[in-house]
Protein chains: 2
Amino acid sequence: MTADSAPAAGGAPLFGRIAFIGIGLIGSSLARLVAEQGLAGSTVCTASDPQHLAEAAELGLTTETAPTIAQAVAGADLVIVATPVGAYEAVGAAMGPHLKPGAIVTDVGSVKQATVRDLGPFIPEGVHFVPGHPIAGTEHSGPRAGFADLFRDRWCILTPPPATDPAAVDKVAALWKAGGSMIEIMDPGHHDRVLAITSHLPHLIAYTIVGTATDLEEHLKQEVIKFSASGFRDFTRIAASDPVMWRDVFLNNREAVLEIIQRFTEDLTALQRAIRWGEGDKLEDLFTRTRTIRRAIIDARQA
Amino acid sequence: MTADSAPAAGGAPLFGRIAFIGIGLIGSSLARLVAEQGLAGSTVCTASDPQHLAEAAELGLTTETAPTIAQAVAGADLVIVATPVGAYEAVGAAMGPHLKPGAIVTDVGSVKQATVRDLGPFIPEGVHFVPGHPIAGTEHSGPRAGFADLFRDRWCILTPPPATDPAAVDKVAALWKAGGSMIEIMDPGHHDRVLAITSHLPHLIAYTIVGTATDLEEHLKQEVIKFSASGFRDFTRIAASDPVMWRDVFLNNREAVLEIIQRFTEDLTALQRAIRWGEGDKLEDLFTRTRTIRRAIIDARQA
């Protein structure tokens, strides 16, 4: 399914007031987008990290900053939760009682079943809940790392519960479309399974391989750095991503991640065996097949 | 150790005649470099793939093309072996009897013990042997994929046997320096161990993870392609590298690759266990440590 409404061109902004809970890479990119395109009458952000909040104020990312979640969400028409997923339960408890009737709550977290589990119970009757996940990012983090164009030509997955008001889904979709994103509506469990493959496993593997190198004797480590252009450096970029965010992803998508690690390990063991026994045909066959998926990604303009 | 001579500026070219055996990504990049900078009086190439040879002629990559290795190396002052490593023994047998006394033989293969093992026995007395490995490349292959600037600001590792004439090493080093490379002299065994970590393991892991995705049910595979921007696509780029070249790398650096796979698998198993048992501290600790190696690579200007 694809939601189809476009953002309001001219006239009233898309939202009266938007509150950002968390203002890191994704939150600050969205805040820049909202400011640049005038998508809200006013904006406010709060963050548990005082430095993030100070930087957000200094950079003028939102109209105002608020010291607490309760103050930030009061009167907001759209609340965007953009903290690490591990904080969601506390965020939910802090904001729930202060949400305005008719408001929409969304998020940008990389796992979606946990979003439903941890934020869902705190969303009162009469408030709309449209969890989301932009498939975009960089290895940088914090309010300074964001930029309004981060979401252009990328997918944003929305996972609204079945009974959600379609008008609320459309409004959240319109926000992302204003940033140049394409929208996909998905079941949270399916999202978590797909992302375990496309995102969580690649990050885990990158963290592992860079960790393996980090544990080498010092002189060998220096050479690994020196000659990293031969493949290793691409993994270090991925493995430089935000540690807390990624810790929370793995803790909150455990089953899907463990299942795909299992498949990966089987496949690696088979390759290891082919190398040990000198089975060149098996290696060449796999290495040839993997080229076709690269071609498909280039054709899908996601390269 | 670092070799220190600079290429001849003006005056006679560095080499009278250069022969390229194999004219793929690396060979054709070097040929373009030699042509652009006038580093040879004349050049010739041969290739076992008739299409490569035809493309090389069409693109004018060398002064001449030759149908056989024997004809290509006859009269050459520098012979550059740029085929997959698996072909080295046959290449050595074909060129050995036709090498000019005083000529230099070098190569660009990604493993260096196998180079010494497979080419070494065919190098006659009075011919210099300076194996080399430029730490540069792209996921593209073939004569059309090359470009003269491929080696700029990258390292080139040379692994001459201990008794090699330093003047021959300096001449090969001068060729790479003309392309903007930095030179490192290394023992072949040490080279293979370092590259197993920085290059061979990353490629194997990328091939594995992309292979794991290739084996998914069709509808899931389509979604993996669609949402690949979340990490997966970086692996597909690496896993699009030349299949035959990489088959030969793994078959010819077996011990070092198997050893580093073992370390990697242990580390992955530890992470898998931490995820299963919800040990967030262990995850966050590793994910924080891996950031520092990225910083070191950026500082070394190899990012």
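Please read all numbers here as calculations on a predicted model, not as lab measurements.

Parameters and conventions
- Residues numbered from 1 in each chain as written.
- Chains lettered and ligands numbered in written order.
- Predicted model: local features only at pLDDT ≥ 70, side-chain atom pairs only at ≥ 80, totals over all residues.
- Heavy atoms only, no water.
- Contact = heavy atoms within 4.5 Å.
- Buried area = accessible area lost by both parts, 1.4 Å probe.
- Salt bridge = Lys/Arg side-chain N within 4 Å of Asp/Glu carboxyl O.
- Helix = DSSP H or I, 4+ residues; strand = E, 2+ residues; numbered from the N terminus.
- Pairing = 2+ DSSP bridges.
- Right-handed = clockwise from strand over helix to strand, strands pointing away.
- Phe/Tyr/Trp six-rings, centres within 6.5 Å; stacked < 30°, edge-to-face > 60°.
- Buried < 20%, exposed > 50% of the residue type's maximum accessible area, 1.4 Å probe, protein only.
- Domains from an automatic or database assignment.
- Polar contact = N/O pair within 3.5 Å; in protein donor to acceptor, adjacent residues only side chain to side chain.
- Nonpolar A, V, L, I, M, F, W, Y, C, P; charged D, E, K, R; others polar.
- Least-squares fit on C-alpha atoms with pLDDT ≥ 70 in both.
- Axes fitted to C-alpha atoms, helices over the stretch in contact; angles between N-to-C directions.

(A) Molecular detail of the interface of chain B and chain A. Every contact between the two is made by 95 residues of chain B and, on the other side, 95 residues of chain A. When the area that chain B buries against chain A is broken down by residue, the three leading residues are B:F227, B:I275 and B:F287, summing to 8%. Across the chain B-chain A interface, the total number found is 10 salt bridges. B:D234 is the partner of A:R237 in a salt bridge, and the nearest nitrogen-oxygen pair spans 2.4 Å.

(B) Focus on the side chain of B:T62. Along the chain, the position of B:T62 falls in the loop between α2 (50-59) and β3 (64-65). The residues touching B:T62, leaving out its near neighbours within four places in the chain, are B:F20, B:A31, B:T43, B:V44 and B:C45.

(C) Looking closely at the pairing of strand β9 (residues 182-185) of chain B. Residue and element names in this part refer to chain B. Relative to β9, strand β8 (residues 155-158) runs parallel, the two being bridged by 4 bridges. Paired with W155 across the strands is M182, a residue of β9. With helix α6 (residues 166-178) bridging β8 and the parallel β9, this β-α-β connection has right-handed handedness.

(D) Region of interest: the packing of aromatic side chains. Residue and element names in this part refer to chain A. All chains considered together, the criterion is met by 11 aromatic pairs over all chains. When the centroid spacing of 4.9 Å and the interplanar angle of 85 degrees are considered together, the rings of F151 and W176 count as edge-to-face. Taken together, the positions of F151 in the loop between β7 (132-134) and β8 (155-158) and W176 in helix α6 (residues 166-178) put the pair 25 residues apart, joining distant regions of the chain. Given a relative accessible area of 0%, F151 falls into the buried group. Judged by relative accessible area, W176 falls into the buried class, the value being 2%. With a centroid separation of 5.7 Å and an interplanar angle of 40 degrees, the aromatic rings of W246 and F250 are classed as tilted. Residue W246 and its partner F250 are both found in helix α10 (residues 243-252); the two are separated by 4 residues, about one turn of the helix. Neither residue differs from the other here; W246 and F250 are each classed as buried.

(E) Looking closely at the pattern of salt bridges. Residues and elements named next belong to chain A. Applying the stated criterion across every chain yields a total of 36 salt bridges over all chains. Residues E259 and R263 are paired through a salt bridge, measuring 3.4 Å at the closest nitrogen-oxygen approach. Placement of the pair is E259 and R263 together in helix α11 (residues 254-276), with a separation of 4 residues, close to one helical turn. A relative accessible area of 40% places E259 in the partly exposed class. Using a relative accessible area of 27% as the deciding quantity, one classes R263 as partly exposed.

(F) Structural view of the domain arrangement of chain A. All names here are of chain A. What the domain assignment reports for chain A is domain 1 (15-187) and domain 2 (191-299). A C-alpha centroid distance of 30 Å is found between domain 1 and domain 2. Taken together, the 19 residues of domain 1 in the interface contact 14 residues of domain 2. Contact with domain 2 buries surface across domain 1, with S110, V111 and E139 losing the most and accounting together for 40% of the total. If you look at where domain 1 meets domain 2, you find 1 salt bridge. Note that R237 is salt-bridged to E139, the shortest N-O span being 3.2 Å. Along the contact surface separating domain 1 from domain 2 lie 8 residue pairs in polar contact (both at pLDDT 80 or more). Within the side of domain 1 that touches domain 2, the residues separate by chemical class into 8 nonpolar, 6 polar and 5 charged.

(G) The arrangement of the relation of the copies chain B and chain A in detail. Of the transformation superimposing chain B on chain A, the axial component is 0.0 Å and the angular component is 180 degrees, with the fit at an RMSD of 0.0 Å. In short, the pair behaves as if placed about a two-fold rotation axis. Rotation axis and chain B: the residue whose C-alpha lies nearest the axis is B:D234, separated from it by 3.6 Å. Interface overlap between copies: 100% of the residues of chain B at the interface are likewise at the interface in chain A, consistent with a symmetric, same-surface contact.

(H) Summary view of the sheet that holds β8(B). Residue and element names in this part refer to chain B. If you trace the 3 strands from one edge of the open sheet to the other, you get β7-β8-β9, paired in mixed fashion. Looking along the sheet, the strands with just one partner apiece sit at the ends: β7 (132-134) and β9. Along the sheet, successive strands turn relative to each other by an average axial angle of 20 degrees, direction set aside. Sheet strands in contact with α6 are β7, β8 and β9, and its direction is about 165 degrees off that of β8.

(I) Representation of the environment of A:H128. By the element assignment, A:H128 lies in strand β6 (residues 128-130). Sequence spacing of A:H128 and A:P166 is 38 residues, and the spatial spacing of their C-alpha atoms is 9.8 Å.

(J) Focus on the sheet that holds strand β6 (residues 128-130) of chain B. Residues and elements named next belong to chain B. Spatial strand order, β3-β2-β1-β4-β5-β6: 6 strands in an open sheet with parallel pairing. Edge strands, defined here as strands with exactly one partner in the open sheet, are β3 and β6. In this structure, strand β1 (residues 15-21) lies alongside strand β2 (residues 40-46), joined through 6 bridges in parallel fashion. Paired with I18 across the bridge in β2 is T43.

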